[in-house]
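An overview of the molecular structure
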Amino acid sequence: MAKPTNNPKLKLLGFNNLTKSLSFNIYDICYARNSAQQQEYIEYIDEAYNAERLTAILTEVAHIIGANILNVARQDYDPQGASVTMLISEGHHDGLPTPTNTKTSKGKTKAKESVVAHLDKSHITVHTYPENHPDAGISTFRADIDVSTCGKISPLKALNYLIKSFESDIVVMDYRVRGFTRNVRGMKHFIDHQIDSIQNFLSREVKDKYDLVDVNVYQENIFHTKMRLKQLDLDTYLFGEGSSELPPREAKRIRERVDHEIMEIFYGRNIQR
């Protein structure tokens, strides 16, 4: 597919009122053999993605998309969880990122850390949700991220950084352009950049690492992409032990459980084993 050509700047009447929203559901899967390991995993996630770490991630996101941070307030909670709020204003920007070519359990859920970053006309939010399967040894960490900008700055610029920051097994992304802006002749423009897939803006490194599926509604400027890791290395899913310590039959059983969990999350439905 040919790379889109750069269009000349559009002369607008007043401010660019288009809202560009990028939403992620990011999942990390772990196998914890017993309740003690499951609790250790929750504690590890709580520390690894505490308010300070999430603030650092959102600070870099603001920098990447070209926004200025005005103020930061954050709070960790006992026994677990945190909240962070950033006040941000639209600053200097480099426009949209350069696209690349596209190749075509149940259990109790509890919110952990929450981060909200406010631009002068936009926002960034992060919420994390660790949870455990009641009897299968599976633990899941989910992070919900929303980057919504208004005007010229684009959330697509932070796409690859956010994916790499959470080192996820599954990523579900939605991108939508809403509203309209007018040019000086009064004509409405419902989108101000060329896109036919979120994949256009993914790096080659990311696309080589994941299997990707698109569901797009072009006439509504809605774009949806799901990704799952191509390779399942069991050692990266075991918490507190390595696959070499397990009997072959046990390792096979755990691999099947992890793969089943990933399949259900990726396809968004319960699948009979």
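As shown above, the structure is provided for reference.
A short tour of the structure in this document, coming up. (Residues numbered from 1 in each chain as written. Predicted model: local features only at pLDDT ≥ 70, side-chain atom pairs only at ≥ 80, totals over all residues. Heavy atoms only, no water.)

**Some words on the overall build of the protein chain**
Helices and strands together make up the secondary structure of the protein chain, namely five helices and eleven strands. A total of 273 residues make up the protein chain; the buried ones form 49% of that total. With the model as given, the accessible surface of the protein chain reaches about 14,400 Å², and the carbon-plus-sulfur share is 48%. (Helix = DSSP H or I, 4+ residues; strand = E, 2+ residues; numbered from the N terminus. Buried < 20%, exposed > 50% of the residue type's maximum accessible area, 1.4 Å probe, protein only. Areas by Shrake-Rupley, 256 points an atom, 1.4 Å probe, with all protein chains shown as cover.)

**Overview of helix H1 (residues 35-48)**
If you check H1, its first and last C-alpha atoms are 20 Å apart, about what 14 residues at 1.5 Å a residue would give, namely 20 Å. Considered for burial, the residues of H1 that qualify are Gln37, Gln38, Tyr41, Ile42, Ile45, Asp46 and Ala48. Two to three positions downstream of the cap, the backbone nitrogen of Ala36 sits 3.2 Å from a side-chain oxygen, assigning the N-cap of H1 to Asn34. (Expected span 1.5 Å × (residues − 1). Polar contact = N/O pair within 3.5 Å; in protein donor to acceptor, adjacent residues only side chain to side chain.)

**A look at the nonpolar core**
Counting 63 residues, the largest nonpolar core has Phe24, Leu159, Leu162, Ile163, Phe166, Met173 and Val258 as its most contacted members. Once residues lying within four places of it in the same chain are set aside, the contact partners of Leu162 are Phe24, Ile26, Ile57, Val61, Ile145 and Val147. (Core = buried A, V, L, I, M, F, W, Y, C linked by side-chain atoms within 4.5 Å. Contact = heavy atoms within 4.5 Å.)

**Describing the side chain of His260**
Locating His260 in the fold gives a position in helix H5 (residues 248-267). If near-sequence neighbours (up to four positions away) are discounted, His260 is found in contact with Ile271, Gln272 and Arg273.

**Regarding the pattern of salt bridges**
Counting across every chain of the model gives eight salt bridges. Taking the shortest distance from any N to any O, the salt bridge between Asp208 and Arg204 comes out at 3.7 Å. Of the two residues, Asp208 and Arg204 both sit in helix H4 (residues 204-209), four residues apart, roughly one turn of that helix. (Salt bridge = Lys/Arg side-chain N within 4 Å of Asp/Glu carboxyl O.)

**Remarks on H5**
Given a rise of 1.5 Å per residue, 20 residues ought to cover 28 Å, and the 28 Å separating the end C-alpha atoms of H5 matches this to within 8%. All buried positions along H5 are accounted for by Glu250, Ala251, Ile254, Val258, His260, Glu261, Ile262, Glu264, Ile265 and Phe266. Elements in contact with the buried residues of H5: strand E1 (19-31), strand E5 (123-132), strand E6 (138-150), strand E7 (170-178), strand E10 (210-217) and strand E11 (222-229). Directly after H5, the chain includes Gly268, whose backbone phi takes a positive value near 65°.

**So, the pairing of E1**
Here is the key point about a regular strand: its side chains alternate between the two faces of the sheet. Most of E1 is tucked away, with ten of its 13 residues classed as buried. Relative to E6, E1 runs antiparallel, the two being bridged by 13 bridges. Within E6, the position partnered with Tyr31 by the bridge is Ile138. The pairing of E1 with E7 spans nine bridges and is classified as antiparallel. When the sheet's bridge partners are listed, Asn25 is paired in E7 with Val172. (Pairing = 2+ DSSP bridges.)

**Some details on the environment of Thr19**
Note on placement: Thr19 falls in strand E1. By relative accessible area, Thr19 is classed as buried at 19%. Non-local contacts of Thr19, meaning those with residues more than four positions away in its chain, are made with Ser148, Thr149, Cys150, Arg176, Val177 and Arg178.

**What about the packing of helix H2 (residues 51-65) against helix H3 (residues 159-166)?**
Running from amino to carboxyl end, H2 crosses H3 at an angle of 165°, the nearest separation of the two axes being 10 Å. The angle between H2 and H3 places the two elements in the roughly antiparallel class. At the point where H2 passes H3, the crossing takes the right-handed sense. On H3, the residues touching Arg53, Leu54, Ala56, Ile57, Glu60, Val61 and Ile64 of H2 are Tyr161, Leu162, Ser165 and Phe166. Each residue belonging to the contact of H2 with H3 can be placed in one class, and the counts come to eight nonpolar, one polar and two charged. (Axes fitted to C-alpha atoms, helices over the stretch in contact; angles between N-to-C directions. Parallel < 35°, antiparallel > 145°, perpendicular 65-115°, else oblique. Left-handed = near helix turned anticlockwise from the far one by under 90°. Nonpolar A, V, L, I, M, F, W, Y, C, P; charged D, E, K, R; others polar.)

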